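# Residue-level structural notes
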Amino acid sequence: MNDELTPEEKEALKDVASKLGSFEKQRGNLIPILQMVQEKLSYLPTQAIKVVSEHLEIFESEVYGVATFYNQFRFHPPGKHPIKVCLGTACHVRGGGIILENFERKLGIHYGQTTPDREFSIEKVACVGCCALAPVAIIDETVHGHMAPSKVEGLLMRIEIEKEMEERARIKDESCG
Amino acid sequence: MPKFLVDNKEIEAKQGTTLLKACLDNEIYIPNLCYLEGIDPPSVSCRMCFVEIEGERQPVTSCSVLVKDDMVVKTDTPAVRQLQRTGLRLLLSVHHVDCKNCQANKKCELQRMAKFLKVGLKPKGLERHLREIEIDRSHPFLDYYPNRCVLCGKCVHVCREKNGQSALTFSKRGFDTVISFYGVRDLSTLECENCSACIDICPVGALALKVTGAEDPTTA
């Protein structure tokens, strides 16, 4: 996991710290605070957990314990290309788990995590509403139905190639202009 | 002081005592993992200390019942034993049974219960669900073995008792639940080095002092 915050995130964290003042120092405020932090930073970095624990004067471990219990909190920044693998009933039956495993293996991360370059993150979701296409994976905003393990590499490759093409176009533009 | 019958033996205990404690004090063993005097209300999470009480429709957990006059309690009925055996088998199905290499060998609560309830340490018919991480070494002085842990929560409690706040906590959920030491990098406020409360209270040896010096052979 990449622990470094980006400059924007550091800004957001400062913003968070200033907003904490409006929350009373009560244990009951922990979840609302965590929700506020996640809204600002889109995830809960270790630095933010520390800030929250200092504000509420409870141990970091306790904040972490509460945060890990709830599905809505994430501990890794969302990747540039979020991958959502459906594990709803239909996709599960049609081997969604195998698709998830393939993405995990190809990218070397587990679900809920983000690649160190923050390009990809994997999540599992429960039903995206197109069970006829099971198993389904969503990359960026595009739905890929009838997924197969053999398709995983191709999809990732395509994103890489698109990225390279953009890069090349940009360099070309720069050199022309 | 309430007087009552447990397995046809008359017992007396102070008002406000839990049935489990009264039995244990009178040398009537009831399997239990999560009960600890002082955890109030009791966590009632291990689901092992079942007994039958006359007048109750089904077995009840003795750690959550206070003693009453003229109670008639049975600790050894088929229904109780079945619940306990199933509970233990489920616990063992998520337990890395490797007693020879475990520090708790011979003083392990699971071993004791298995012997008492006549359950094999490797029960058949249940799938094994072990966690991927064998040892959590994130604490500077302690090692945590998630596959030994029964999640009784006693360590969390004693740490809180001793230090005001607990450096240990439950994290995650369901099968993934573990004890974690998240954020204990700075131990200036804690005396983990000289305190082994959590290690001493652990019924199964899931917490241990870090092996210093020679490389631990169990490291993968």
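Predicted model only: the values in this text are computed from it and were never measured. (Residues numbered from 1 in each chain as written. Chains lettered and ligands numbered in written order. Predicted model: local features only at pLDDT ≥ 70, side-chain atom pairs only at ≥ 80, totals over all residues. Heavy atoms only, no water.)

### Overview of the confidence of the model for chain B
The test is simple: pLDDT is a residue-level measure of predictor confidence that goes from 0 to 100. Residues are treated as being in contact if the distance between any of their heavy atoms lies within 4.5 Å.
The predicted model of chain B has a mean per-residue pLDDT of 89, with 93% of residues at 70 or higher. Under a pLDDT of 50 for its full length, residues 216–220 of chain B has, in the predicted model, 6 contacts with residues more than four places off or in other chains.

### As for the interface of chain B and chain A
In plain terms, the rule: Throughout, buried area stands for the accessible area (probe radius 1.4 Å) lost by two parts on being put together, summed over both. Think of a salt bridge as a Lys or Arg side-chain nitrogen and an Asp or Glu carboxyl oxygen that are within 4 Å of each other. Any pair of N or O atoms that falls within 3.5 Å is considered a polar contact. Within protein, one atom must be able to donate a hydrogen and the other to accept it, and sequence-neighbouring residues count only if both atoms are side-chain atoms. Only DSSP runs of H or I covering at least 4 residues are called helices, and only runs of E covering at least 2 are called strands; the numbering of each starts at the N terminus. Note on residue categories: nonpolar means Ala, Val, Leu, Ile, Met, Phe, Trp, Tyr, Cys or Pro, charged means Asp, Glu, Lys or Arg, and polar means any other residue, Gly included.
At the interface, 16 residues of chain B touch 15 residues of chain A. At the boundary of chain B with chain A, total buried surface from both sides reaches about 1,300 Å², with 52% on carbon and sulfur atoms. It is Gln 165, Arg 173 and Tyr 182 of chain B in chain B that bury the most area against chain A; as a group they hold 49% of the surface buried on that side. At the surface where chain B touches chain A, the tally comes to 0 salt bridges. Counting every contact that joins chain B to chain A gives 5 residue pairs in polar contact (both at pLDDT 80 or more). In terms of residues, the side of chain B that touches chain A owes the most to one element, strand S7 (residues 169–171) of chain B, which gives 3 residues. Of the residues that constitute the side of chain B that touches chain A, the class distribution is 5 nonpolar, 6 polar and 5 charged.

### Some points on the pattern of salt bridges
Pairing between side chains of opposite charge can happen when the charged atoms of each approach one another. All names here are of chain B. Threshold: Only protein chains enter the area calculation, which uses a 1.4 Å probe; residues under 20% of their type maximum are buried, those over 50% are exposed, and those in between are partly exposed.
Tallied over the full model, the rule gives 20 salt bridges over all chains. Of the charged contacts, one joins Glu 37 and Lys 21 as a salt bridge, the two residues approaching to 3.8 Å between their closest N and O atoms. Pair noted here: Glu 37 is in the loop between helix H1 (19–25) and strand S3 (50–53) and Lys 21 is in helix H1, with a separation of 16 residues, a long-range link. By relative accessible area, which is 56% here, Glu 37 ends up exposed. Measuring nitrogen to oxygen at the nearest pair gives 3.0 Å for the salt bridge that ties Arg 81 to Asp 76.

### Notes on the sheet that holds strand S3 (residues 137–139) of chain A
Residues and elements named next belong to chain A. Filter applied, for reference: When DSSP finds two or more bridges between a pair of strands, those strands are recorded as paired. Where helices are involved, their axes are fitted lines through C-alpha atoms of the stretch in contact, as for all axes, and angles between N-to-C directions lie from 0 to 180°.
Pairing is mixed across the open sheet formed by 4 strands, whose spatial order is S2-S1-S3-S4. A single partner strand is all that each edge strand has here, and the edge strands are strand S2 (120–125) and strand S4 (142–144). On average, each strand axis in the sheet is inclined to that of its neighbour by 20°, with strand direction left out of account. Inspection of the sheet shows strand S1 (residues 81–86) paired to S2 by 6 bridges, in the parallel sense. Within S2, the position partnered with Ile 83 by the bridge is Ile 122. Packed on one face of the sheet, helix H6 (residues 96–107) meets S1, S2 and S3 and runs near 150° to S1. Along the sheet, helix H7 (residues 149–176) makes contact with S1, S2, S3 and S4, crossing S2 at roughly 145°.

### Considering the pairing of strand S2 (residues 9–12) of chain B
Residue and element names in this part refer to chain B. Two elements, strand S1 (residues 3–6) and S2, share 4 bridges in a ladder whose sense is antiparallel. Bridge assignment links Phe 4 to a residue of S2, and that residue is Ile 11. Taken together, S1 and the strand that follows it, S2, pair antiparallel across an intervening segment of 2 residues, in which Asp 7 is found at a positive phi of about 45°.

### Details of the domain arrangement of chain A
Interfaces are frequently sized by the accessible area removed from exposure as the parts join. To be explicit about the condition: The source of the domain bounds is an automatic or database domain assignment.
Along its sequence, chain A is organised into domain 1 (7–69) and domain 2 (81–176). Look at where the C-alpha atoms of domain 1 of chain A and domain 2 of chain A centre, and you get two points 30 Å apart.

### Quick look at helix H3 (residues 46–56) of chain A
Residue and element names in this part refer to chain A. For clarity, the cut-off: For this quantity, the arc is that covered by the directions from the helix axis to the C-beta atoms.
Those residues of H3 lying buried are Ala 48, Ile 49, Val 52, Ser 53, His 55 and Leu 56. The arc that holds every buried residue of H3, seen down its axis, measures 160°, which confines them to one face. Contacts from the buried residues of H3 go to helix H1 (7–20), helix H2 (30–41) and helix H4 (60–69). Following H3 by one or two positions, Glu 57 adopts a phi angle in the positive range, close to 55°.

### Description of a nonpolar patch on the surface
Residue and element names in this part refer to chain A. Using the following cut-off: A residue counts toward a patch only above 30% relative accessible area and without a salt bridge, and it is joined to like-charged neighbours within 9 Å or, for Val, Leu, Ile, Met, Phe, Trp and Tyr, to nonpolar neighbours within 5 Å. All accessible-area figures derive from a Shrake-Rupley calculation using a 1.4 Å probe, and residue coverage is judged against the displayed protein chains alone.
The grouping of Met 157, Ile 161 and Met 165 at the surface amounts to a nonpolar patch, some 300 Å² of accessible area in total. With respect to the helices, strands and loops of the structure, Ile 161 is situated in helix H7. Judged by relative accessible area, Ile 161 falls into the partly exposed class, the value being 43%.

### As for the domain arrangement of chain B
Residue and element names in this part refer to chain B. In terms of domain boundaries, chain B breaks down into domain 1 (1–128) and domain 2 (142–209). Placing the centre of domain 1 and that of domain 2 at their C-alpha centroids yields a distance of 23 Å. Contacts between domain 1 and domain 2 engage 20 residues on the former and 15 residues on the latter. In this assembly, domain 1 packs against domain 2 so that about 1,300 Å² is buried in total across both faces, 61% of it on carbon and sulfur atoms. Along the contact surface separating domain 1 from domain 2 lie 0 salt bridges. Across the side of domain 1 that touches domain 2, the residue classes break down as 11 nonpolar, 7 polar and 2 charged.

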